[in-house]
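# Chain and residue survey
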Number of protein chains: 2
Amino acid sequence: MSLPSMLFNALARRLSCCFPLDENDVRAVERLCAVPRRRVAARREFLREGDRPGHVHVLLEGWACHQVMLPDGRRQITAFHLPGDILWQPLGEARMDFSILALTPAIIAPIPTSALEAVAKAHPAIATALALQNRVAEAVLRRWLVNVGQRAAFERIGHLFCELHHRLHAIGLAQGNGFAFPVTQVELAEATGLTPVHVNRVLRDMRRQGLIDLENRVLRILQLRALAQHALFDPAYLEPHGHHSAAPSP
Amino acid sequence: MSLPSMLFNALARRLSCCFPLDENDVRAVERLCAVPRRRVAARREFLREGDRPGHVHVLLEGWACHQVMLPDGRRQITAFHLPGDILWQPLGEARMDFSILALTPAIIAPIPTSALEAVAKAHPAIATALALQNRVAEAVLRRWLVNVGQRAAFERIGHLFCELHHRLHAIGLAQGNGFAFPVTQVELAEATGLTPVHVNRVLRDMRRQGLIDLENRVLRILQLRALAQHALFDPAYLEPHGHHSAAPSP
DNA sequence: CGACTAGTTGAGCACACTCAAACTAAGTGG
DNA sequence: CCACTTAGTTTGAGTGTGCTCAACTAGTCG
């Protein structure tokens, strides 16, 4: 709890979850974000597969997601992003292999790649934090694959709820066990590889079991321990510090 | 075809698929790999979830895979790795969130992190190639999620075959449309989120349709175009050069 | 030769899908 | 202000893809 109170900048707050930053680092991050912001409406796809954006895109406010569309219209959401997350970082000639969509009205900081590189060079702690954040994002993606590949519908949704709660809590956006949850059931289905109808039924079951309470875009996890246990959620993959939260499988 | 004939080093060959290396770079990569090799038997899990290995692990010969095990024994393969791939790169205090298993007898080069960093600093092309390889690995992971989340069994397996053919071809390990394929049906099932029984039936159908020929650990794709079309395979995500191989969805 | 691993096939079942129809809430325009 | 639209959620009924359980074959190795 109680993040250092000076951390009003979303990126600095997020990075200091990955690696400790001193006041100097934090100020450098804040300066980095002092660029003309880009405001994006909810449900707008503001970066597209095939694009080659010239800036590092940092999400300062709101939720966003990564998605891949198949030619026949099927759609897979491959990541949810929260304030402080880096949505895309240009690298060489590489094109984006997915699109980015805002899930709420969002505020983006488009940072010149050169500026980020300069700051990373001058502040090793920031460079480390950025690399670790990237590593965690990859671990989350891997976990989603495990989810969709191995788990039943109930577990998939439960695991996703636990993951989001954990991440929101880390950046101070979860009051207790409740938090704003702007994801529709259709999007939840596209993220978990299920159909919207089935997602609805699973949510109904979770409510009946008293595990969650979800209405008006607010999700409250009533029995976090039970939900995590049922979904086989182990937050170790979200911690880049090398602490072990639980013993791995025997 | 015809890779530069001097590229006998698997890592150099792989990296030069991502970004052009000159002779100097190639020699630096070769020196980097001049460390005591680690030989691993087939089916040995040689790096485990929770470990914090001190070296960069490069696969020089053979196949390997990443896998995540759930406490109840379910297992998801999250990546296949081919010669020249980087299996794991230490970063800060981060622990591995998956295990690495050899699928054939394999040869690994454990490279000190500091040595790799020094070479990357002295050879910007190598640094770029490494970053791009990493980016491609992430794109492959994302595609696997799309596969398992959105595609039917036939498409999943077809897509995987197309991906592996493409990657093997790039490093010169596919003669025509045939290549050594050491993956068992059980492993194929664990990679695609299916059961071994169902994988078997899908393979039977593919054979009956004359799409593939798989026996004695050799896979031959008889109708690459047809298979790619049926599996909605678009290799754009495997190319870090920014070329567009096909138009994205309309 | 027995033990083990990998692959193959059959029969029956179930989890999640499809199709279809209400229903609610919020926004829009006449 | 109310009809109308649209997006999101909810429920029912029937279906099918892929799963489970089980048995059997073929190859390999000690």
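Every value quoted in this text rests on a predicted model; they were computed, and no experiment measured them.

### As for the protein's contact with DNA strand C
The environment of DNA strand C is formed by 16 residues, the closest being A153(A), T195(A), Q185(B), N200(B) and R217(B). A share of 70% is what sugar and phosphate atoms reach among the atoms of DNA strand C within 4 Å of the protein. At a separation of 3.2 Å, a base nitrogen of DNA strand C approaches a polar side-chain atom of R201(B). A distance of 2.9 Å is found between a sugar or linking oxygen of DNA strand C and a side-chain nitrogen or oxygen belonging to R217(B). If you tally residues by element for the surface near DNA strand C, the top one is helix 7 (residues 196-208) of chain B, at five residues. When the residues that make up the surface near DNA strand C are grouped by side-chain class, the tally is five nonpolar, six polar and five charged.

### Points about the interface of chain B and chain A
Chain B puts 51 residues into the contact, and the matching count from chain A is 51 residues. With both sides pooled, the region where chain B packs onto chain A buries about 4,400 Å², and carbon together with sulfur makes up 61% of that total. Taken as a group, R142(B), L145(B) and Q150(B) account for 16% of the area that chain B buries against chain A, more than any other trio of residues on that side. Taken together, the links from chain B to chain A amount to six salt bridges. Here R74(A) ties to E155(B) by a salt bridge, and the two come within 2.9 Å at their closest N and O atoms. Looking at the side of chain B that touches chain A, the elements with two or more residues in it are strand 4 (64-69), strand 5 (75-81) and helix 4 (124-150) of chain B. Ranked by residues supplied to the side of chain B that touches chain A, first place goes to helix 4 of chain B with 15 residues. Here the side of chain B that touches chain A is built from residues that sort into 22 nonpolar, 14 polar and 15 charged.

### Thoughts on the protein's contact with DNA strand D
Taken together, 16 residues form the shell around DNA strand D, and within it Q185(A), N200(A), R204(A), R217(A) and T195(B) come nearest. Protein-proximal atoms of DNA strand D, defined as those within 4 Å of the protein, fall in sugar or phosphate at a share of 71%. A distance of 2.7 Å is found between a phosphate oxygen of DNA strand D and a side-chain nitrogen or oxygen belonging to N200(A). With respect to DNA strand D, the side chain of T195(B) contributes an N or O atom lying 2.8 Å from a phosphate oxygen. Put simply, the parts of the chain that give the surface near DNA strand D at least two residues each are helix 7 (196-208) of chain A together with helix 7 of chain B. Top contributing element to the surface near DNA strand D by residue count: helix 7 of chain A, with five residues. Tallied by class, the residues present in the surface near DNA strand D amount to five nonpolar, six polar and five charged.

### Re the relation of the copies chain B and chain A
After a rotation of 180° and a shift along the axis of 0.0 Å, chain B superposes on chain A with an RMSD of 0.0 Å. On the angle and the small slide along the axis, the relation comes out as a two-fold axis. Across chain B, the smallest distance between a C-alpha and the rotation axis is recorded for L145(B), namely 2.6 Å.

### Section: the sheet that holds strand 2 (residues 45-47) of chain B
As summarised here, the arrangement of the four strands in space is 2-7-4-5 (chain B), forming an open sheet in which the pairing is antiparallel. Of all the strands in the sheet, just strand 2 and strand 5 of chain B have a single pairing partner and so form its edges. Within this sheet the neighbouring strands show an average axis-to-axis angle of 35°, counted without direction. Across two bridges, strand 2 of chain B lies against strand 7 (residues 99-102) of chain B in antiparallel orientation. Among the inter-strand pairings, L47(B) is bridged to a residue of strand 7 of chain B, identified as I100(B). Here helix 4 (residues 124-150) of chain A sits on the sheet and contacts strand 4 and strand 5 of chain B; the angle it forms with strand 5 of chain B, its principal contact strand, is near 125°.

### Overview of the UniProt feature "domain: HTH crp-type" (unreviewed entry) in chain A
Residues annotated by UniProt as "domain: HTH crp-type" (unreviewed entry) correspond here to residues 151-225 of chain A. Between the first and last C-alpha atoms of residues 151-225 of chain A the distance is 18 Å; the span itself is 55% helix and 15% strand.

### Examining the pattern of salt bridges
Under the definition given, this model contains 27 salt bridges over all chains. Of the charged contacts, one joins R167(B) and E163(B) as a salt bridge, the two residues approaching to 2.8 Å between their closest N and O atoms. Note that R167(B) and E163(B) are positioned in helix 5 (residues 153-170) at a spacing of four residues, about one turn of the helix. Judged by its relative accessible area of 14%, R167(B) is buried. The exposure class assigned to E163(B) is buried, which follows from its relative accessible area of 1%. A single network of salt bridges, built from pairs that share partners, joins R14(A), D85(A), E163(A) and R167(A).

Basis of the calculations
Residues numbered from 1 in each chain as written. Chains lettered and ligands numbered in written order. Predicted model: local features only at pLDDT ≥ 70, side-chain atom pairs only at ≥ 80, totals over all residues. Heavy atoms only, no water. Near = heavy atom within 4 Å. Polar contact = N/O pair within 3.5 Å; in protein donor to acceptor, adjacent residues only side chain to side chain. Helix = DSSP H or I, 4+ residues; strand = E, 2+ residues; numbered from the N terminus. Nonpolar A, V, L, I, M, F, W, Y, C, P; charged D, E, K, R; others polar. Contact = heavy atoms within 4.5 Å. Buried area = accessible area lost by both parts, 1.4 Å probe. Salt bridge = Lys/Arg side-chain N within 4 Å of Asp/Glu carboxyl O. Least-squares fit on C-alpha atoms with pLDDT ≥ 70 in both. Pairing = 2+ DSSP bridges. Axes fitted to C-alpha atoms, helices over the stretch in contact; angles between N-to-C directions. UniProt positions renumbered as here; feature names shortened; annotations may be inferred. Buried < 20%, exposed > 50% of the residue type's maximum accessible area, 1.4 Å probe, protein only.

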